[in-house]
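# Coordinate analysis (summary)
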Amino acid sequence: MDLSLLNDRQREAVKTTEGPLLVLAGAGSGKTRVLTHRIAYLIQENGVAPWNILALTFTNKAAGEMRERVGNLLGAGVNDMWVMTFHSCCARILRSEIEQLGYERTFVIYDDADQQSLLKKIIRDLNLNDKIFTPRDLSGKISEAKNQSLDALSYLRDGYAQKEVVAVFQAYQRQLKQCNALDFDDLLLFVLQLFERFPEVLEKYRKKFHYILVDEYQDTNLVQYHIVHKLASLHRNICVVGDDDQSIYGWRGADIRNILEFEKDFPGASVIRLEQNYRSTEVILNAANIVISNNRSRKKKELWTQQKGGEPIDVYEAMDERDEANRIANRILEGARYGDRRYDDYAILYRTHVQSRVIEMYLQSYDIPYRVYGGLSFFQRAEVKDIVAYLRLLQNSADDVAFLRIINVPRRGIGDSSVDALQAFASARTQPLLHAIMQLQDGDIAKAAREKFSAFAEMLSDVYMQFGVKSFPDVVEYLLGVIGYDAYLQADRKENYEARADIVKEFVGYIREFTEAMDETKVDVLSAFLENVALFSATDQMDDQNGRVSMMTLHSAKGLEFPVVFLCGLEDGLFPSMQSAYDPEKLEEERRLCYVGITRARQKLYLSHAKQRMLYGKITPAMPSRFLTELEEALPESSKPAPKPTQLKTAPPQQAFGISMHALKTGTQQSAIRHEASKPEMKPVEHDVSYTPGQRVRHKAFGEGTVLAVNGGGASSIVEIAFDNGANKKFAAAFAPIEVL
DNA sequence: ATCGATAGAGTTTTT
DNA sequence: CTCTATCGAT
């Protein structure tokens, strides 16, 4: 096994195969390389069988990449190795074990939209006030309960949840079971329950997995933590890789303590830090370090790089979101048409999906090819969801959510009243809707409706028969023909017909591709396909050299890298988001998100914010993000004493720290002052102290130094510090992250 | 039962 | 602004 391309730390992480190991891998420090080499090393040097290895990731893309790279290293098949996402892994285990929990193996996975519509129905059934109890709100609470606790019900009760919430939770769980469906959280939770209630099942899997690897460990939630813990309890060869500075899924239940307390959870664990960054220039890394140094709760890490210097970071203050988009488009044009950049060198990152629209418009107007990841994805298109709903009903006849979606799509003259009648009939017998149709007798519901329902059921059963004789894609084509989907699309809305028909065509093509890539008829294609659809994620569709500019949210960008990155919409209220402004923990998570964004860039980073932005049809003024302010604090010129706006505007671009100020903020300092003034409690106490010359201090980014002079007084006082590393810097005393020693 | 118009509400991030 | 839910007309 050739480990010569690895540095010492990386090599150590590869070779420390026995016992628990925590690899703290900073951004761009080669963690994927370590993971892949480690797996290859286990197999080739230690003679470990591939089927004794479990590698867990968060996205299919990461899993696929890992599998491919290990394959390249070994030059051999790695088919028996479990390299997959947490959710796929759990789905796979449940596919063979779930009957013990009283579900059928044909269970389907409910995505967010399914969950919402089920909850909507429950809210109606329970006669709750839908102004107070919204599906969104409730699904959040339910998910939180399932993530935070092994016993979600008592979590809700002990947490003083409203009795309605508890009632909805119970109804929801009951209905899921009746539909033979699991939501995302159940996928994980049920595996854990399985392990707890049936020790022999746990025994089977923990015997199987001699070596376990977990990527992005900082993003695991409590349930995932327990699953990993149990699986690793026999062999104890567990290697987790993560970076607490990149923990950005706290809102989804990820618990940063999992990584912070790994050494406590696995006594005798080795810890290896990867701190050399191979991705970014010094300029970019510096900016990242400065931003993240404003966070208090973190493991101390110092990322460094050999790539000294680098292109300056470009900060742009746009008039509005169109100006911002226009400039981004222009920069890309410059680089791609007249420079030596390719379109796929570029990524445009933003906090929220809504920001993508304007940017798309401008890219289109300049004929710049791009691709938006996430957002309204292919699988969320109505046409695709319709077809998927049919397939789900074929796979699992109890899937009421799917049933309700398509019972009248295309129109077959079955209206709300008929459906209501059927629902009443079915729920009286606690039966799934499709099953209930078979039980209908004369007089149960209107005769005309009954006939239509029966025809529907017969049609489905006819399609189902085709599975025996036709290939999966052909069954789908057959289905589309039988229900007259194309005619429906034509009749429904003429203007959109072509686009919608294309979606259907594309989807059928996707089904063909998927089927061909499958392992013969080894597994159930339909069930594998539906699982793939349900667990598909935003970045899974990514291909590296697609000749297009990539656009995505900061969350989706984690784990990726690009030569040039635009980080846009750096405005307070947008990024960091409004709802995190007054919560220090949330704010730190936003800051980590900013850190993730900056560290995606290899060579050039563009930052931008708009002075005003159109938001839900209203023009809203916006101040620069505090993260921009934090970056500027490290700059000599922004620390000039209480500057008049005009002075600032004419100041020359300053590149000492690699940040050229194309538009020197008149608003930036003011915004900082406004924020501090309106929320004084946000300001760390030590910032109020007045500094005196000769004092020893520590700056979060520059280290220790001595105070040279203090100019001015009060909020606008400027402190000049000679740092031990030789640098002399000035700071606005009120805002700089300085502590007195 | 279906269609169209109009009012209303809501947006952070996602496996 | 855009998606959705609801209501009234056919």
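Residues numbered from 1 in each chain as written. Chains lettered and ligands numbered in written order. Predicted model: local features only at pLDDT ≥ 70, side-chain atom pairs only at ≥ 80, totals over all residues. Heavy atoms only, no water.

Below, the discussion takes up the overall build of chain A. Tallying secondary structure elements over chain A gives 30 helices and 22 strands in all. Across the 741 residues that make up chain A, the buried fraction comes to 55%. If you take every contact in chain A between residues at least 6 apart in sequence, the share linking residues at least 24 apart comes to 73%. (Helix = DSSP H or I, 4+ residues; strand = E, 2+ residues; numbered from the N terminus. Buried < 20%, exposed > 50% of the residue type's maximum accessible area, 1.4 Å probe, protein only. Contact = heavy atoms within 4.5 Å.)

Let us now look at the nonpolar core. Within the largest apolar cluster, 53 residues are counted, with the highest numbers of intra-cluster contacts made by Leu391, Phe403, Phe453, Phe456 and Phe529. Element by element, the count of residues in this core is highest for helix 17 (residues 382–395), at eight residues. (Core = buried A, V, L, I, M, F, W, Y, C linked by side-chain atoms within 4.5 Å.)

Moving on, we get to helix 11 (residues 222–232). Looking at helix 11, one finds that the buried residues are Val223, Gln224, Tyr225, Ile227, Val228, Leu231 and Ala232. A distance of 3.0 Å separates the backbone nitrogen of Val223 from a side-chain oxygen at the start of helix 11, and that oxygen is part of Asn221. (Polar contact = N/O pair within 3.5 Å; in protein donor to acceptor, adjacent residues only side chain to side chain.)

This part takes up the protein's contact with DNA strand C. As a matter of local geometry, DNA strand C sits amid Lys120, Tyr616 and Gly617. Within the side chain of Lys120, an N or O atom sits 3.1 Å from a phosphate oxygen of DNA strand C. (Near = heavy atom within 4 Å.)

A separate point is helix 9 (residues 184–197). Over its 14 residues, helix 9 extends 20 Å from the first C-alpha to the last, a length consistent with the 20 Å expected when each residue adds 1.5 Å. For helix 9, the complete set of buried residues consists of Asp185, Asp186, Leu187, Leu188, Leu189, Phe190, Val191, Leu192, Leu194 and Phe195. (Expected span 1.5 Å × (residues − 1).)

What follows deals with the pattern of salt bridges. In the structure shown here, the tally under the stated rule is 48 salt bridges. For the salt bridge of Lys31 with Glu216, the shortest nitrogen-to-oxygen distance reads 3.3 Å. Of this pair, Lys31 sits in helix 2 (residues 31–44) while Glu216 sits in the loop between strand 6 (211–214) and helix 11, and the two are 185 residues apart along the sequence. Comparing Lys31 with Glu216, the two get one shared label, buried. (Salt bridge = Lys/Arg side-chain N within 4 Å of Asp/Glu carboxyl O.)

The immediate surroundings of DNA strand B are formed by 26 residues, with Arg351, Arg411, Ser417, Thr553 and Tyr616 found nearest. For DNA strand B, the fraction of atoms within 4 Å of the protein that belong to sugar or phosphate moieties is 55%. A distance of 3.4 Å separates a sugar or linking oxygen of DNA strand B from a polar side-chain atom of Arg252. Within the surface near DNA strand B, the residues separate by chemical class into seven nonpolar, 14 polar and five charged. (Nonpolar A, V, L, I, M, F, W, Y, C, P; charged D, E, K, R; others polar.)

Model confidence for chain A is summarised by a mean pLDDT of 85, while 86% of its residues fall at 70 or above. Note on residues 636–688: pLDDT under 50 across the span, and 89 contacts to partners over four residues away in sequence or across chains. (pLDDT = per-residue confidence, 0-100.)

Right, let's talk about the pairing of strand 10 (residues 346–350) for a bit. The buried count for strand 10 comes to five of five residues, which makes it a mostly enclosed element. The alternating pattern of strand 10 places Tyr346, Ile348 and Tyr350 on one face and Ala347 and Leu349 on the opposite face, and all of these are buried. In the sheet, strand 10 pairs with strand 13 (residues 562–567) via four bridges, with the strands oriented parallel. Each bridged residue has a counterpart across the sheet, and for Tyr346 the counterpart in strand 13 is Val564. Alignment of strand 10 against strand 12 (residues 549–553), held across four bridges, turns out to be parallel. Its bridge partner lying in strand 12, Ile348 is registered against Met551. (Pairing = 2+ DSSP bridges.)

A separate point is the sheet that holds strand 2 (residues 53–57). Hydrogen bonds between backbone groups are what pair the strands of a sheet, and the pairing can be parallel or antiparallel. A sheet is described by the order of its strands in space; here six strands give the open sequence 3-2-6-7-1-8, paired in parallel fashion. With one partner strand each, in any of the chains shown, strand 3 (82–85) and strand 8 (270–274) form the two edges of the open sheet. For this sheet, the mean inter-axis angle between neighbouring strands, taken without regard to orientation, is 15°. Alignment of strand 1 (residues 21–25) against strand 8, held across five bridges, turns out to be parallel. (Axes fitted to C-alpha atoms, helices over the stretch in contact; angles between N-to-C directions.)

In this structure, Pro410 follows Val409 across a cis peptide bond, with omega equal to -5°. Residue position: Pro410 is located in the loop between helix 18 (400–406) and helix 19 (416–428). Of note, the bond from Phe575 into Pro576 is cis; its omega dihedral lies within 30 degrees of zero at 5°. Position of Pro576 relative to the elements: it lies in the loop between strand 13 and helix 27 (584–598). For Asn180, which is not glycine, the phi dihedral falls at a positive 55°. Here Asn180 lies in the loop between helix 8 (163–178) and strand 5 (181–183). Not every positive phi belongs to a glycine, and Thr430 is a case in point at roughly 40°. Checked against the element boundaries, Thr430 lands in the loop between helix 19 and helix 20 (433–439).

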